[in-house]
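What follows is the residue order along each chain.
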Amino acid sequence: MKNYKLIYLITLSVFYGYSQESKVKSGDKKYDSYAYIDAIKTYERIADKGYKSEDLFKKLGNSYYFNSDFEAAAKWYGELFALNSTPEAEYYYRYAQSLKSTGQTDKASAILNEFSTKYKNDSRAKLYAGNTNYLEQIKANSGRYKIEDAGINSKYSDYGSFVYNNKIYFASARDTGNFSKRKHKWTGEYFTNIYNASIDAATGTPSKVNKIKSLLNSRFHESTIIFTKDGKTAYFTRNNFIDGKKGKDDNEITLVKIYKADFENEKFSNIIALPFTSDNYTTAHPALSPDEKTLYFASDMPGTMGQSDIYKVSVKGNGSFGSPENLGASINTEGKETFPYVTSENEIYFASDGHPGLGGLDIFVGQIENNGTISNIQNLGSDVNSPKDDFAYSIDPFSRQGYFSSNKDGGQGSDDIYKFTETRPLKCLQELNGVITDSQSGAVLPGTELTLYENQKIIKSSISNTNGEYTFAVECGKTYMVRAQKIEYETKEETVTIGKLSGKTSLPIALDKSICKVAVGDDLGKCFGIKMIYFDLDKYNIRTEAAIDLEKILDVLNQHPDMKLDIRSHTDSRASHQYNLRLSDQRAKATLNWLIKNGVAKNRLTAKGYGETQLVNNCSDGVNCTEEQHQMNRRSEFIITSL
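Just so it is clear, the structure is predicted and the values come from calculations on it, not from any experiment. (Residues numbered from 1 in each chain as written. Predicted model: local features only at pLDDT ≥ 70, side-chain atom pairs only at ≥ 80, totals over all residues. Heavy atoms only, no water.)

Draft legend 1. Examining the packing of helix H6 (residues 105–118) against helix H7 (residues 123–130) more closely. Viewed as axis vectors pointing N to C, H6 and H7 meet at an angle of 120 degrees, and their least axial separation amounts to 9 Å. Here H6 is positioned oblique relative to H7, judged by the angle of their axes. The handedness of the crossing between H6 and H7 comes out as left-handed. Of the residues in H7, those touching H6 at Ser 109, Leu 112, Asn 113, Phe 115 and Ser 116 are Arg 124, Ala 125 and Tyr 128. For the contact of H6 with H7, the per-class residue count stands at four nonpolar, three polar and one charged. (Axes fitted to C-alpha atoms, helices over the stretch in contact; angles between N-to-C directions. Helix = DSSP H or I, 4+ residues; strand = E, 2+ residues; numbered from the N terminus. Parallel < 35°, antiparallel > 145°, perpendicular 65-115°, else oblique. Left-handed = near helix turned anticlockwise from the far one by under 90°. Contact = heavy atoms within 4.5 Å. Nonpolar A, V, L, I, M, F, W, Y, C, P; charged D, E, K, R; others polar.)

As structure tokens, then:
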């Protein structure tokens, strides 16, 4: 994808070497005016003579990178890194992208690892560090498309399609004039204009391609046109040129703007730049929300996080516009985010080189949440994406057919338009499964009712089978709650977050009995999961959380007036034997006194502290044990002595 679609301003550094100064200045002049094809020739002649500098290799690498010649870009970025310098973060990332685009994935990973270490605050580094298995995700998302040539391509650049009224509109750099054929110095190709072709409703086959002959097409670049549903309004991207006048920024560069035009009887009129555009920054690639109340676009306006970000602006009923809003860090990075497209399913498709991908620009999709943030961003997979630039994706959410643009190998021109049919939804699915058991005995519990919730809404219901097993189909990356209900057991809810790749997630659930059957000699505390009555360190005053557990014991004693208990308190082996015996006895008696104070007859209770004399494991004096092992010995028991 040629860089006239994404303008970057690059600050020149100082070249060293007096003998080459005039040639370098010649290259700089061409480079500064975005005539990269010419700059490459000058820089390479200098480099071939053995002249080396960071600035030279940066410019050579950039000149090829911005023209999507990643093999040559990797070569010169490699020379830059061979100087044992520490370039800015952008060069690490561009070098890695170039290496990925040429199939050198291992080397690219090494550069990315170094990048994420040196520039850990860069959002791209964070995305990479958090998605080191991104190639697995891309593989899981692949194999979902049937792709073919769109039938409208030339040997030049063709890209950015939009279908309206059984016609496909797109930008093309094919011959734009019979006598005066203007070429762009940056790419060596003709300027792009808007073309269209009728589409056969039955076969989907396009007819002969026609150049739109109207005021819409100027002698500079036009691209990425869209229409409102009623067909009365068009938005499109054009170089800063209107009414025969060319606008320039402070560096005398003509950038690009989004324009609006009336459309009636196949004619365009009243062409104006949108009010939030400017001579000093780019706005490009408009996309309307399904209700046409929001316009999405790409820009490098002030406040942009990276080289270009995706923005949105409200479209008001009177034809005016609100203030542009950056979609934020949930989608934008320090890299390029561009070519947005929004569907009626609240999905936003976009191209990015900042999110982990295969190289160059990849196409991603994210979910637009109610608060405007973008969640669950995923790479579309290797059918659509390639090591080169893939962008300008659009899809009909009902037929699942659409178009995208790419300069991948095998095309007719530098960019080509491809037609696709999505054969399988992108949604990554997992199986959530588990076994329902009795928390005390471990016995499986068939017939347990299970309910799956997402954001407090019921999604699905099920019943565990004869082996106590259950399964739910769930989406990757989401958080769910599972509620398990069974007669004679307490209802239990468990929260689970599903992994980001296809597979299985296990969530076993152990239920506590609500009807606890006990006999003489049993520990009543086990009915309620009471493992220990807690006291402050070295004290034996009943704490609030201990009182809550004792209230459970009190209630059972009130319901069963013939029940008698022996209260037993135990410690671990740490501290002296005598200290532990005395402290545990005081705590056991404090528990007894609390129950008596709250109405239990004294003759129904006994209490004794056993200190460390009844350890349940080998954690005695001098034995090295974990905190968890010591915890097993610190326990309270309520042994039933009579019923």
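Back to the write-up after that little detour.
Draft legend 2. Structural view of the sheet that holds strand E22 (residues 416–422). Taken in spatial order, the four strands line up as E1-E22-E21-E20 in an open sheet, and their pairing is antiparallel. Pairing within the sheet leaves two strands with one partner each, and these edge strands are strand E1 (145–149) and strand E20 (390–395). Strand-to-strand twist of the sheet, defined as the mean angle between neighbouring strand axes without regard to direction, takes the value 25 degrees. Sheet topology note: the strand E21 (residues 401–406)/E22 ladder contains six bridges and is antiparallel. Paired with Phe 404 across the two strands is Tyr 418, which belongs to E22. (Pairing = 2+ DSSP bridges.)

Draft legend 3. Geometry of the packing of helix H3 (residues 54–65) against helix H4 (residues 70–82). Running from N to C, H3 and H4 cross one another at 165 degrees; their axes reach a closest spacing of 8 Å. Regarding the angle of H3 to H4, the classification is roughly antiparallel. For the element pair H3 and H4, the recorded crossing hand is left-handed. Across the interface between the two elements, Glu 54, Phe 57, Lys 58, Leu 60, Gly 61, Asn 62, Tyr 64 and Tyr 65 from H3 touch Phe 70, Ala 72, Ala 73, Trp 76, Tyr 77, Glu 79 and Leu 80 from H4.

Draft legend 4. The arrangement of the state of the cysteines in detail. In the structure shown here, the tally under the stated rule is one disulfide. A sulfur-sulfur distance of 2.2 Å marks the disulfide that ties Cys 619 to Cys 625. Between Cys 619 and Cys 625 the disulfide shows an S-S torsion of about -105 degrees. By sign, it is left-handed. Taking the relative accessible area as the measure of exposure, Cys 625 reaches 17% and is therefore buried. (Disulfide = S-S within 2.5 Å. Buried < 20%, exposed > 50% of the residue type's maximum accessible area, 1.4 Å probe, protein only.)

Draft legend 5. Summary view of H3. For H3, with 12 residues, the first-to-last C-alpha span of 16 Å sits near the 16 Å given by 1.5 Å per residue. Within H3, 11 of the 12 residues are buried, leaving the element largely enclosed by the surrounding structure. Those residues of H3 lying buried are Asp 55, Leu 56, Phe 57, Lys 58, Lys 59, Leu 60, Gly 61, Asn 62, Ser 63, Tyr 64 and Tyr 65. (Expected span 1.5 Å × (residues − 1).)

Draft legend 6. Seen up close, the environment of Glu 454. Mapped onto the elements of the fold, Glu 454 is located in strand E24 (residues 449–454). Relative accessible area serves as the criterion here: at 18%, Glu 454 is assigned to the buried category. Between the C-alpha atoms of Glu 454 and Ser 214, which are 240 residues apart in sequence, the distance is 53 Å. Discounting residues that sit within four places of it in the chain, Glu 454 has contacts with Ile 459, Lys 478, Thr 479 and Tyr 480.

Draft legend 7. A look at the pattern of salt bridges. Scanning the entire structure with this criterion turns up 24 salt bridges. Close ionic contact of Lys 58 with Glu 88 constitutes a salt bridge, the shortest N to O distance being 2.9 Å. Placement of Lys 58 in helix H3 and of Glu 88 in the loop between H4 and helix H5 (89–101) is noted, with a sequence separation of 30 residues between them. When its relative accessible area of 42% is taken as the criterion, Glu 88 is described as partly exposed. With its nearest N and O atoms 2.9 Å apart, the salt bridge here joins Asp 409 to Lys 388. Of the two residues, Asp 409 is situated in the loop between E21 and E22 and Lys 388 in the loop between strand E19 (374–379) and E20; the sequence distance between them amounts to 21 residues. Through salt bridges that share partners, Glu 90, Arg 94, Asp 122 and Arg 124 make up one connected network. (Salt bridge = Lys/Arg side-chain N within 4 Å of Asp/Glu carboxyl O.)

Draft legend 8. Seen up close, the packing of aromatic side chains. What the rule picks out here adds up to 34 aromatic pairs. Aromatic pair Tyr 128 and Tyr 134: ring centres 6.2 Å apart, planes at 65 degrees, arrangement edge-to-face. Residue Tyr 128 is classed as buried on the basis of its relative accessible area, which comes to 8%. With relative accessibility at 8%, the residue Tyr 134 sits in the buried group. A ring pair is formed by Phe 263 and Phe 268, whose centres lie 4.5 Å apart and whose planes are at 35 degrees; its orientation type is tilted. Accessibility assignment for this pair places Phe 263 and Phe 268 in one class, buried. Above the face of the Tyr 195 ring, Arg 174 is positioned so that its terminal group lies 5.4 Å from the ring centre. Seen from the ring of Tyr 418, Lys 408 lies directly overhead, with NZ or CZ sitting 5.4 Å from the centre. (Phe/Tyr/Trp six-rings, centres within 6.5 Å; stacked < 30°, edge-to-face > 60°. Lys NZ or Arg CZ within 6 Å of the ring centre and 35° of its normal.)

Draft legend 9. The arrangement of the pairing of strand E11 (residues 267–273) in detail. Summarising the sheet, strand E10 (residues 256–264) and E11 pair through five bridges and their orientation is antiparallel. Paired with Phe 263 across the bridge in E11 is Phe 268. Linking E10 to E11, which pair antiparallel, is a turn of two residues; within it Asn 265 sits at a positive phi near 55 degrees.

Draft legend 10. Looking closely at the environment of Ala 519. Relative to the helices and strands, Ala 519 resides in the loop between strand E30 (509–511) and helix H9 (544–559). By relative accessible area, Ala 519 is classed as partly exposed at 37%. Sequence separation of Ala 519 and Ile 639 is 120 residues, and the distance between their C-alpha atoms is 9.6 Å. Ignoring sequence-local partners within four residues, the contact set of Ala 519 consists of Ile 640 and Leu 643.

Draft legend 11. Representation of the confidence of the model for the protein. Residues at a pLDDT of 70 or more form 90% of the protein, whose mean pLDDT is 85. Contacts for the low-pLDDT stretch residues 1–23, under 50 throughout, to residues beyond four places or in other chains number 73 contacts. The low-confidence segment residues 176–181 (pLDDT under 50) makes eight contacts with residues lying over four places distant or belonging to another chain. (pLDDT = per-residue confidence, 0-100.)

Draft legend 12. The nonpolar core, seen in detail. Ranked by size, the top nonpolar core spans 34 residues in total, and within it Leu 56, Leu 60, Tyr 77, Leu 112 and Phe 115 carry the most contacts. Elements supplying a minimum of two residues to this core: helix H2 (36–48), H3, H4, H5, H6, H7 and helix H8 (134–140). The element that contributes the greatest number of residues to this core is H4, accounting for eight residues. Excluding anything up to four places from it in sequence, Leu 112 contacts Tyr 93, Ala 96, Lys 100, Tyr 128 and Tyr 134. If you look at the next biggest cluster of nonpolar residues, it comprises 29 residues, including Ile 225, Phe 297, Val 313 and Val 315. (Core = buried A, V, L, I, M, F, W, Y, C linked by side-chain atoms within 4.5 Å.)

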